Protein chains: 2
Amino acid sequence: MAEPKTNESMEKIVSLCKRRGFIFQSSEIYGGINGFWDYGPLGAELKRNVKELWWNTMTREREDVAGLEATIIMSPAIWKASGHVDTFSDPMCDCRKCKKRFRADQLCEDQGLALTKDANGKFIFPAGTKCTNCESTDLTEPRPFNLMFKTYVGPVESEDNVAYLRPETAQAIFAQFKNVMETARQKVPFGIGQIGKAFRNEVTPRNYTFRSREFEQMELEFFIKPDEAVEAIHGSVVTVPETGHPGEPQPNWGWQAWHQYWVEERVRFYEGIGLARATLGFHRQTAEELAHYARACVDILFKFPFSKRDENGNVKGDELEGVAARSDFDLSQHARFSGKPMGVFDDELRQAWGKLPKEKQDDLWRRYYENRKRYLTKSGVEAEAAGKQATDDANGLAKGQYIPHVIEPSAGVDRLILALITNAYTETVKTDDKGKSETIYTMKFHPRVAPIKVGVLPLLKNKPELVAKAVAVRDLLRPWMNVYYDDGGSIGKRYARQDEAGTPFCVTIDFDTLGEKPELLDTVTLRYRDDGKQERLKISELRDWLLARIR
Amino acid sequence: MAEPKTNESMEKIVSLCKRRGFIFQSSEIYGGINGFWDYGPLGAELKRNVKELWWNTMTREREDVAGLEATIIMSPAIWKASGHVDTFSDPMCDCRKCKKRFRADQLCEDQGLALTKDANGKFIFPAGTKCTNCESTDLTEPRPFNLMFKTYVGPVESEDNVAYLRPETAQAIFAQFKNVMETARQKVPFGIGQIGKAFRNEVTPRNYTFRSREFEQMELEFFIKPDEAVEAIHGSVVTVPETGHPGEPQPNWGWQAWHQYWVEERVRFYEGIGLARATLGFHRQTAEELAHYARACVDILFKFPFSKRDENGNVKGDELEGVAARSDFDLSQHARFSGKPMGVFDDELRQAWGKLPKEKQDDLWRRYYENRKRYLTKSGVEAEAAGKQATDDANGLAKGQYIPHVIEPSAGVDRLILALITNAYTETVKTDDKGKSETIYTMKFHPRVAPIKVGVLPLLKNKPELVAKAVAVRDLLRPWMNVYYDDGGSIGKRYARQDEAGTPFCVTIDFDTLGEKPELLDTVTLRYRDDGKQERLKISELRDWLLARIR
């Protein structure tokens, strides 16, 4: 499975997704709506399982993370503070000849070129850029198009009542930072996790569900002490190598160790649901790619069928999740724009500070001051005011005050679902005795995410004792997992149906279950999806046997 | 708890919700946004539990229901077919003097009046209607205001690109009816369930989270055969009394029995999560209240603190869920508007029809024809065309074809959360030895929905053996339920904290756990939230003991 699927298989995957009820086009009976996708019965279960696993791993099972569920429509002031109103846009252009509209950067990329900017930040097409639809070079100049969906709250459509559909779930976490910290009795370092819908009015949605206009995110904002505070308390800041898991969190970790920790935690999450490390890729953003406030960002990629191949046929992959070290930018912005304090008080820092030698204090003071001043200046605060504010901020350290920094692992649910589906997709050609070949499709989902955990099949439909026993087994398992009961067609057909749905286990109730061979009374045949192997299990042990494998 | 909470307690409930992290105002640091509410750490867990229970009860644990997860933004054609574009509005008016805006029907209601309509369907204020803010009678005429939030998909803000945020989740189910039926291998009768956000641009959001602009729904559309088909197959249609549970579904049930079944199933659901029947109310819509296509609708109410009292102080309650018998209106509309067939083929009907005496065929034909013609005429189809279409539809019966009818149990998640919170809220005044009184708050959630299932508390924080044992107990339970580990403050304080969070059980790890009394080695003190009673349990039995009570 390490070899990524090809674009050829992509078509078959899309077809299987529709045929088996994983994914439908939204509003299909009305000709669809570009960039929107629905999840059918199997897709909805797959998605629920993935979200539940993320929630449990990232919040319920951790002492240091609390959950949040905020609204999609929030005060528009949030999107001014976050910068989305001013800068969350893609360059758009039109072909004057065929009237087709493009994302200018993608249009360039698709012909091996790169969109550039002039000294004033205006987008410039490289020479020779053509319309990929009609080959014309008569293109409009690239212009920014804000990707936030806009609406009006209340009965008056005025500028005062504009609101946006959130383009990311992260900002609600920042806006509710104080409320959550206080009510959840947390102290920095701690995180806030959220799962929810987000919307981006993509110019050109593409690659099936990979880039859609309505999607779902699973985001954690993990708040940490600034390195200066860690150093004041612990004497120095531990850093770790840029690869490998740094182990259990330590009090003397700086942002770099926390960042590396979350990259590796997230990779482990993906491994734990069946995406082997070899199916993933990594991209560490370069200094040029990083936002001015970001210290690092590692994108975790998956090798999709549509991912670009380099000249040697190697696939880097497309983004599943970004893990960003965002400094104290987000909380600082909201503090400035809302006028509400976003800093925390850290008694450990206050006490440690008093015991530091003067030169150490001065050194930490100066570094914190420089960081704060750089943020303020870059964010458009005029130099004198920025200096004054940075001085106040740096003076705060001595009183145990700072604005937390944040590490943000931000994952897209729909992309992950698509990765899981393409990863699970397996074709096998079977040839029967007469030489007739048939292609068999098996969705090899990890049992943790598989939509159906077990198929329960009475050998024959017309034997009431078999049916009664099968129903009893179904009802025994159903409170604990998603069970599919199927009595229609030959047993081989029913296995094949579950293989296509990705059900990892089937149990068959046969005459031996009823005691035809007395030593097999109350046992069932358990069949494995991936190799078709079978074994005999006691009904009394079935639930725990399955729970041990699907959790 | 049968006595509904008062408006006085409502204020304290709102305050507790904020203080303990159940519910926050959205965008609070920016002054909030009217009609939008966030769920904090405890609220998010409560909501997840409720949705999970609904999903399991209504889809996973039923053979006859499949799940769906559709987008919020769909083709606008859907909302034309459903009637929302034309008629989903509330009457709105302004006070010319104080400029306050009202929902005209609520304004009348608030002063004991009722908004009426003239012969042309225009809204008319009854004499004496005043502004409830400034007492002026200078009000604008009530005018309809469409409650759907509008936006534009794609980069051009033109009429062609208008889209709406769904005002209900139901329509996606109708639009995907065929896709789901086929991929889930279902046959009528069967249902499709969905949970998701919906949006209504309420003129005056009110009553805390009860009427908000962004909310979540849990909807089931349960598709059934038309009564004529049931009668053709089974000779007659069974009806049931209007109260009481009709028992397990039978093939000869008509719409009325199915409707009553779902009303009672839903009441059982509410009882199963702690809302006793006495806390609920019922409203059977009158012929005047019903939509033209609806055959019946029973609203399940909850007696909220803000629910109106009659002259005798009796509370009827406000709507938690409507269970509507919607005939074949929805699928028929989508068939007409999309041009795609929405009917099903029923071989049992086809076979049965052939064996019916001519007069029975004619009788059923005529009744089906009348129903179809009434729907078509009421929906604006001109008489001759309606007659022709109804004839075709009725002729279809003989071939086993019909458009399914639907029973729709449609519940609001946020209203249910608010009901669970107000129902759980309990004040107790405790007086200590010195005569000092203190009010204690306990959230008596049913263990199934409680955000935290168990608090794990080491008796003392500074005894490493106690802490190690407590952490081991926490880690034993955590994969199976939401656990809160707390070692801060006196044991009494920690109990009180869990009581306020609504945690049904606490376990304390003390010196006896470590074997101080050898016969109590590896046992813990289990404390019940509701009466403070304690008992001793073995750690080895703890997980199953808890699972039996929280599931």
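The rules behind each value
Residues numbered from 1 in each chain as written. Chains lettered and ligands numbered in written order. Predicted model: local features only at pLDDT ≥ 70, side-chain atom pairs only at ≥ 80, totals over all residues. Heavy atoms only, no water. Contact = heavy atoms within 4.5 Å. Buried area = accessible area lost by both parts, 1.4 Å probe. Salt bridge = Lys/Arg side-chain N within 4 Å of Asp/Glu carboxyl O. Polar contact = N/O pair within 3.5 Å; in protein donor to acceptor, adjacent residues only side chain to side chain. Helix = DSSP H or I, 4+ residues; strand = E, 2+ residues; numbered from the N terminus. Nonpolar A, V, L, I, M, F, W, Y, C, P; charged D, E, K, R; others polar. Axes fitted to C-alpha atoms, helices over the stretch in contact; angles between N-to-C directions. Parallel < 35°, antiparallel > 145°, perpendicular 65-115°, else oblique. Left-handed = near helix turned anticlockwise from the far one by under 90°. Buried < 20%, exposed > 50% of the residue type's maximum accessible area, 1.4 Å probe, protein only. Domains from an automatic or database assignment.

**Some words on the interface of chain B and chain A**
Next, step 1: Each side of the interface is counted separately: chain B has 89 residues, and chain A has 89 residues.
Next, step 2: In total, about 7,500 Å² of surface goes out of reach between chain B and chain A, with carbon and sulfur atoms giving 51% of it.
Next, step 3: If you sort the residues of chain B by the area they bury against chain A, Ile29, Tyr30 and Glu69 of chain B come out on top, with a joint share of 11%.
Next, step 4: In this structure, the connection of chain B to chain A is made through 14 salt bridges.
Next, step 5: Linking Glu69 of chain B and Lys51 of chain A is a salt bridge whose minimum nitrogen-to-oxygen distance equals 3.8 Å.
Next, step 6: Our count for the contact surface shared by chain B and chain A stands at 45 residue pairs in polar contact (both at pLDDT 80 or more).
Next, step 7: When residues of the side of chain B that touches chain A are assigned to their parent elements, the largest contribution, 11 residues, is made by helix 2 (residues 41-60) of chain B.
Next, step 8: Taken together, the residues that form the side of chain B that touches chain A break down as 40 nonpolar, 20 polar and 29 charged.

**Topic: the environment of Asp318 of chain B**
Residue and element names in this part refer to chain B.
Next, step 1: Positionally, Asp318 belongs in strand 15 (residues 318-325).
Next, step 2: Sequence separation between Asp318 and Ala104 is 214 residues, and the spatial gap between their C-alpha atoms is 19 Å.
Next, step 3: Non-local contacts of Asp318, meaning those with residues more than four positions away in its chain, are made with Phe210, Ile300, Leu301, Phe302, Phe304, Phe306 and Ser307.

**Brief notes about the packing of helix 12 (residues 358-378) of chain A against helix 13 (residues 383-398) of chain A**
Residues and elements named next belong to chain A.
Next, step 1: Packing of helix 12 against helix 13 leaves a shortest axis separation of 8 Å and a crossing angle of 140 degrees. With respect to helix 13, the axis of helix 12 lies oblique. Crossing of helix 12 against helix 13: the hand is right-handed. Of the residues in helix 13, those touching helix 12 at Leu364, Trp365, Tyr368, Tyr369, Arg372, Lys373, Leu376 and Thr377 are Ala383, Ala386, Gly387, Gln389, Ala390, Thr391, Asp393, Ala394, Asn395 and Leu397.
Next, step 2: Grouping the amino acids of the contact of helix 12 with helix 13 by side-chain chemistry returns 10 nonpolar, 5 polar and 3 charged.

**With respect to the packing of helix 1 (residues 7-19) of chain B against helix 14 (residues 413-424) of chain B**
Residues and elements named next belong to chain B.
Next, step 1: Taken N-terminus to C-terminus, the directions of helix 1 and helix 14 make an angle of 110 degrees; their axes are 11 Å apart at the nearest point. One finds that helix 1 runs roughly perpendicular with respect to helix 14. On helix 14, the residues that touch Met10, Ile13 and Cys17 of helix 1 are Leu418, Ile421 and Thr422.
Next, step 2: For the contact of helix 1 with helix 14, the per-class residue count stands at 5 nonpolar, 1 polar and no charged.

**Notes on helix 10 (residues 329-338) of chain A**
Residue and element names in this part refer to chain A.
Next, step 1: Across the 10 residues of helix 10, 8 count as buried, placing the element largely inside the fold.
Next, step 2: Those residues of helix 10 lying buried are Phe329, Asp330, Leu331, Ser332, Gln333, His334, Ala335 and Ser338.
Next, step 3: Buried-residue contacts for helix 10 involve helix 3 (76-81), helix 6 (170-175), helix 7 (177-183), strand 12 (214-224), helix 12 and strand 18 (405-412).
Next, step 4: Of the residues one or two after helix 10, Gly339 is the one with positive phi, at around 75 degrees.

**Section: the domain arrangement of chain A**
Next, step 1: Domain boundaries in chain A define domain 1 (6-88 + 147-331 + 406-419), domain 2 (89-146), domain 3 (347-401) and domain 4 (452-550).
Next, step 2: Relative to domain 4 of chain A, the C-alpha centre of domain 2 of chain A lies at a distance of 57 Å.

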